[in-house]
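Topology and contacts: notes
These are the residues of each chain, in order.
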Amino acid sequence: MAGVLRQNRKKKKEKKKTSPAIRRLTLALLIVVAVSVITVTTIVTYMLTDIVRAVNGELIVDLDDYIANQDKTSFIYGYDKNGKVVELFKLHGRENRVWVSIDKMPQDLIDAFVALEDKRFKDHKGVDWYRTIAVVVEYKFKQGGSTITQQLIKNLTGEDGRTFSRKYKEIISALNLEKHYNKKTIIEAYLNTLYLDQGCYGVKTASQEYFGKDVSQLNAAECASLAAITQAPYTYDPLINPDNNRERQLLCLKNMYEQEYLSKEEYEEAKAHKMVFTNSKDYVQTKQNTEASDEGNVVIKNTSEISDYYVDYVIESVITDLAQKLNITKGDAERKVIYGGLKIYTAVNIEVQKIVNDVYTNRKSFSNSKTQSAITIMDYNGRIIAMAGGAGKKTTIRGLNRAADSPRQPGSSIKPLSIYAPAIEKGIIHYSSLIQNYGILLNTGKRWPINYGGSPGKPDSFVTVQYAVAQSLNTVAAQVCKRLTPQNCFDFMTKKLHITTLVEDGSQTDINYSSMSVGGMTKGVTTLEMAAAFATFGNGGVYYKPYCYTKVTNSDGSEIILEYKEQSERAMSEGTSVVMRKLLETVVSSGTASGYGISGFKTFAKTGTTSDNYDRWFVGGTPYYVAAVWYGYDTNKEISASGNPAGKIFKKIMGEAHEDLKKKSFKDSSEVVSRKYCAESGFIASDVCAKVAYGYYRKSRVPSVCTQCGENLLTSTHESSNATNTSPKVTAPTTKPPVSSSEPSSIHESTTDLPVIDPSVE
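Before going into details, it helps to say that this report is about the structure given with it. (Residues numbered from 1 in each chain as written. Predicted model: local features only at pLDDT ≥ 70, side-chain atom pairs only at ≥ 80, totals over all residues. Heavy atoms only, no water.)

**Let's talk about helix H15 (residues 350-361)**
The end-to-end C-alpha distance of H15 is 16 Å, a good match for the 16 Å that 12 residues give at a rise of 1.5 Å each. Those residues of H15 lying buried are Ile 350, Val 352, Gln 353, Ile 355, Val 356, Val 359 and Tyr 360. Among the residues of H15, the N-terminal cap falls to Asn 349, whose side-chain oxygen and the backbone nitrogen of Glu 351 are separated by 3.2 Å. Positive backbone phi, at 55°, marks Arg 363, one or two positions downstream of H15. (Helix = DSSP H or I, 4+ residues; strand = E, 2+ residues; numbered from the N terminus. Expected span 1.5 Å × (residues − 1). Buried < 20%, exposed > 50% of the residue type's maximum accessible area, 1.4 Å probe, protein only. Polar contact = N/O pair within 3.5 Å; in protein donor to acceptor, adjacent residues only side chain to side chain.)

In C-alpha cells, the structure reads:
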C-alpha cells in the first residue's frame, strides 16, 4: 500500500512539472479564440448595423423613376440648312422592351418564374437567407442564389453580384427595395426587365419573338418555356437549343405542380402540349418582329432604319456624359438613353453627312472593295459636322466606329503636331530654317531614319523647313525632334492638343524618336482626335474639345438634362498657327498632297504613309472645315493603290461639301509677317540675293538679313559643326550655312537610343 502511495505522489510531481507549459498553451489558445470571437462579432455587428441602416434608409434603387421612363422612344434630331429640326433616328424603347402591366400577364407566367427561380419569393424580404448561406458555404458566390428581387437589382444596375462586395451591395439594395415596394410591383418590374435572348428584354417582346403572340395569350407550357430561358439565355433559347429548353421547361412544370400552382390534370396537359415556335414548320406568322438586340447593340431587322456612324457616336457620347453627370453606371445611363424618351439634338451638318454616307456606303473613290476607312469632319470651333466609321453597307447600330474608337498608325501626318508646331512655338525653327537632310546617329552607329524611296539624305545636304514639310522628309523631322527632345514633343501633343491614345509609361512608351518623328506609335491615333488637333492650324491656335450634340431634354422638352458648353484653350500662339497653316498649304501646292486641294478654296494638308504601306492618311482643311481620313485594312495588309486613296476620299467628300458654299478665306494674323527670304541661306533676302522666295514668320521671330550673297562667304564656315538650322521652299545649298546671331545653333552630334519601332516611309 505504501508503495502505491509513493507511486501516485511521483505521478503527481511529474504532472506538476508539465503544468506551466500546458497552462501557457491553453492561455494562448483561449486568447486566439477570444480575439477571433471579438473580431467576428465586431465584423458581424458592423455589417448588421450597416444593413439595418441601409435597409431602413432612403431608397437606393428608384423603381418608380425607372418604370416612368419605360415605353418611351428616344428621338435624335439634327438641323437642316434652313434651321428646321429634322428627325434623324428613333431609339425604340417600346419595340425592344414593351412594359406590360402584371394585370395583363397570365397567372401561369408569374407562377412559372416564381416556381423555377425563387420558390420562397412570396415569403422572404428580398433575400432568401437559406439559399444565400448555402451559396456562400458551398460555392463562395461562384453560383447563383439570387432571389427575384436581387435579379431585378442586377437587371436595373447592370452589375453582376458574383464578388463578395457586389453581392453585399446587391443584398442591401434588395432588402431596401422590398422596404419600399410590394411584391406585385417587384415581380412586374422583374418580368419587364429580364433578358430572354434574341434581343428580348421583358416577357412581352419575348412572347412575340418566340411564339408570335401577345404575352396575355400564353398557356402554361409556353410560360414555362419562357421561364426556362432565364438561367442561361443562349443555352436555353428555344429557337437555337430547343432540346435544352425542353428539358428545363419540364423542370419548371414539375416545380409548378409540386408547389401547387398546377393541378395534376393541368400539369399533364402542359407536358403534352405541342410547342410551336416562330421557327417551327407549323407556325403561322401573324406579326413581323422588326427589332432585336445583340449583345447590348441594337440591331434593326427588315427595315432601312439603320443609324449612321454619326448617330452611333452621339449615342455613345450621351451615355458617357449622362453617366458622369448623374453619377450612375453606364448601364443605367444606356437604359435612360435608349428607353428613357429623351430628345437629343445633334451638331451634325445633315447635308455633309449625307455626302459622307453616300461615299462610304457605296465606296465611291475607294481603290479596293475590301479596304476600310474612317473620316471625321469638323468646323474650327469643335463642332463635329460629319463622321463615318466604316465603309460598305452598315447593318448594325453601335458597332465598331473606326473614326472614334480605332487608333491607327498616323505615319508622317503626325509631324505637324509632334514636331513642327512645337518647334516653331519654341523658336527653334522658322519657315525657312535650314535643317540637315540626314538621319540622326543611333547608338548602333547607324543613321536613322531614311526618306521615302529609301534615300538616307547626305551629311552636307541642308533643306528648308518648308521643303521638308512639303516633301515629308523623315530625316529632317528626326533632326528637329532631337533638338526638341521626344519628351517635349509628347507633352505638346498630349497636353496642348489632347491626343489621348499615346502611351506614356512602360516598355511601349511613345516618348521616343520613332513615335514622335515618323508616327511609329504604340497604338496610333483616331481621325476624331487628328481633326480636332489640325483644326488649331485654321482657327488661330485654339484647341476646342469636339462635340456632337447641343442639348438633351426629357420627353416633353421641359427639362434640359445635358447641354453643350464650349471647352477651349490656347494650344499655341496665333502666329505659330498661321505659320504652320502656310507651311501646310505648300504640301498641297507643291508637295505630297498635290492634286488633292479643294477647287476654289485654300487648302492645307498633310499626308501619311506607314511602313509596309499598311495605313494611308490625309488630314487637311479649308476655310470652312477640317477633315481627317484614314484608309487601310482592319488587319494589317499592304495597300495596293495609286496615289493617296485617303486623299481621293478627302477630295471627293470635301469637294461636294463645298459646291454651294460662298468664297471664304482663312483669317491671317497681325502676329505674322510675309518676307522674301534667301533660298541659299534661309535668312531674310537682301538686295543682292539671287534666289529668293516668300516665307511667313512670327513677328517676334523674324530671322536676320542675309549678308553672304554676292561675297562668296560660304567657304570658310562650311566645315563648322555648329551651323544654324534655317531656310525655304527650294532645296538649300549642299554645304552648311553660316551661323546667324538670331538663330540657335544646332546641337553637337551624339548617339541616340531608339526603340525598335517601324518608322513611316513618308
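**A look at the sheet that holds strand S18 (residues 626-632)**
Backbone hydrogen bonds are what pair the strands of a sheet, in a parallel or an antiparallel way. Spatially, five strands are ordered S7-S6-S18-S17-S16 in an open sheet, and the strand pairing comes out antiparallel. Each of the sheet's edge strands pairs with one partner strand only, and the pair in question is strand S7 (384-388) and strand S16 (604-609). On average, adjacent strands in this sheet sit at an angle of 5° to one another, irrespective of strand direction. Relative to strand S6 (residues 372-378), helix H22 (residues 527-534) is tilted by about 35°, and along the sheet it contacts S6, S7, S16, strand S17 (615-621) and S18. (Pairing = 2+ DSSP bridges. Axes fitted to C-alpha atoms, helices over the stretch in contact; angles between N-to-C directions. Contact = heavy atoms within 4.5 Å.)

**Some details on empty space enclosed by the protein**
Under the defined criterion, the tally for this structure stands at two cavities of 30 Å³ or more. Empty space within the largest cavity amounts to approximately 50 Å³. As for the largest cavity, its lining consists of Ile 424, Ile 429, His 430, Tyr 431, Val 579, Tyr 696, Tyr 697, Arg 698 and Arg 701. No other element matches the three residues that strand S20 (residues 692-698) contributes to the lining of the largest cavity. Tallied by class, residues from the lining of the largest cavity come to six nonpolar, one polar and two charged. (1 Å grid on protein atoms, 1.4 Å probe; cavity = no way out; pocket = protein on both sides within 12 Å on 5 of 7 lines; lining within 4 Å. Points joined across faces, edges and corners; volume = space filled by probe spheres on them. Nonpolar A, V, L, I, M, F, W, Y, C, P; charged D, E, K, R; others polar.)

**A closer look at helix H20 (residues 486-496)**
Buried within H20 are the following residues: Pro 486, Cys 489, Phe 490, Asp 491, Phe 492 and Met 493. Lining the buried residues of H20 we find helix H17 (415-425), helix H19 (474-484) and helix H21 (513-518). Within two residues after H20, His 498 carries a phi angle of roughly 55°, on the positive side.

**Examining the state of the cysteines**
Going through the model one piece at a time under the given rule, you end up with zero disulfides. Not part of a disulfide, Cys 223 finds its nearest cysteine sulfur in Cys 252, a span of 8.8 Å. Exposure remark for Cys 223: the relative accessible area of 0% places this residue in the buried category. Distance from the sulfur of Cys 678, which forms no disulfide, to the nearest cysteine sulfur (Cys 709) is 3.3 Å. (Disulfide = S-S within 2.5 Å.)

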